[in-house]
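Per-entry structural report
The primary structure of each chain is shown beneath.
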Amino acid sequence: MITTTPEHLTVSPAATMTGLAAPSRGSAELSTWHLSMAAGATGPDHSISREQVWMLTAGSLEVTWDGGRTEKVTAGQTLVLPPDTVRRVHAPEDAEAYVAMRADGVASVPGTEGTRVLPWAQ
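Let me sum up the structure you'll find in this document. (Residues numbered from 1 in each chain as written. Predicted model: local features only at pLDDT ≥ 70, side-chain atom pairs only at ≥ 80, totals over all residues. Heavy atoms only, no water.)

1. Looking at the environment of G40
- With respect to the helices and strands, G40 occurs in the loop between β3 (30-37) and β4 (47-48).
- Each C-alpha atom, one on G40 and one on E93, is 6.5 Å from the other, the two residues being 53 residues apart in sequence.
- The residues touching G40, leaving out its near neighbours within four places in the chain, are H90, A91 and P92. (Helix = DSSP H or I, 4+ residues; strand = E, 2+ residues; numbered from the N terminus. Contact = heavy atoms within 4.5 Å.)

Pasting the structure below:
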């Protein structure tokens, strides 16, 4: 049983992530989190080393990936993003989603060296 606490909350300029299942909270293989983005917010260009499954529960997101392809995902839809693909996420309206991936995923930002851990997924 996992109970969310304030320590599981990560706020970035583009979104708020609430960590759910993760290795630090008892999951051996998967990480899941709740994502909340305010209308007009846009995340940075980045890639993730693992496949992610995004399940929209409110609002909509525009995800640009795969060399400029943009998909609009709305509440009730699910988007599967492949690993190692540069993407940018924009919220044209307030949006919420649940995201799942393998627990060992890390982020990369084009033009920078190295990788970054996802604190909400650790």
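Read on, since the account is not over.
2. Quick notes on the side chain of S47
- Along the chain, the position of S47 falls in strand β4.
- The exposure class of S47 is buried, given its relative accessible area of 11%.
- Setting aside its immediate chain neighbours within four residues, S47 contacts D84, T85, V86, R87, V106, A107 and S108. (Buried < 20%, exposed > 50% of the residue type's maximum accessible area, 1.4 Å probe, protein only.)

3. A look at the pattern of salt bridges
- Applying the stated criterion to the full structure yields five salt bridges.
- For D45, the salt bridge is made with R88, and the minimal N-O distance between the two is 2.8 Å. One end of the pair, D45, is in the loop between β3 and β4; the other, R88, is in strand β9 (residues 87-90), with 43 residues separating them in the sequence.
- Measuring nitrogen to oxygen at the nearest pair gives 2.9 Å for the salt bridge that ties D104 to R50. Note that D104 is positioned in the loop between β10 (95-102) and β11 (106-108) and R50 in the loop between β4 and β5 (52-58), a separation of 54 residues in sequence.
- Exposure remark for D104: the relative accessible area of 39% places this residue in the partly exposed category. (Salt bridge = Lys/Arg side-chain N within 4 Å of Asp/Glu carboxyl O.)

4. Observations regarding the sheet that holds strand β12 (residues 116-117)
- Pairing is antiparallel in the open sheet, where three strands are placed in the order β4-β11-β12. Where the open sheet ends on each side, the last strands, each with one partner, are β4 and β12.
- As judged from the two bridges shared by β4 and β11, these two strands associate in the antiparallel manner. The residue of β11 that forms the bridge with S47 is S108. (Pairing = 2+ DSSP bridges.)

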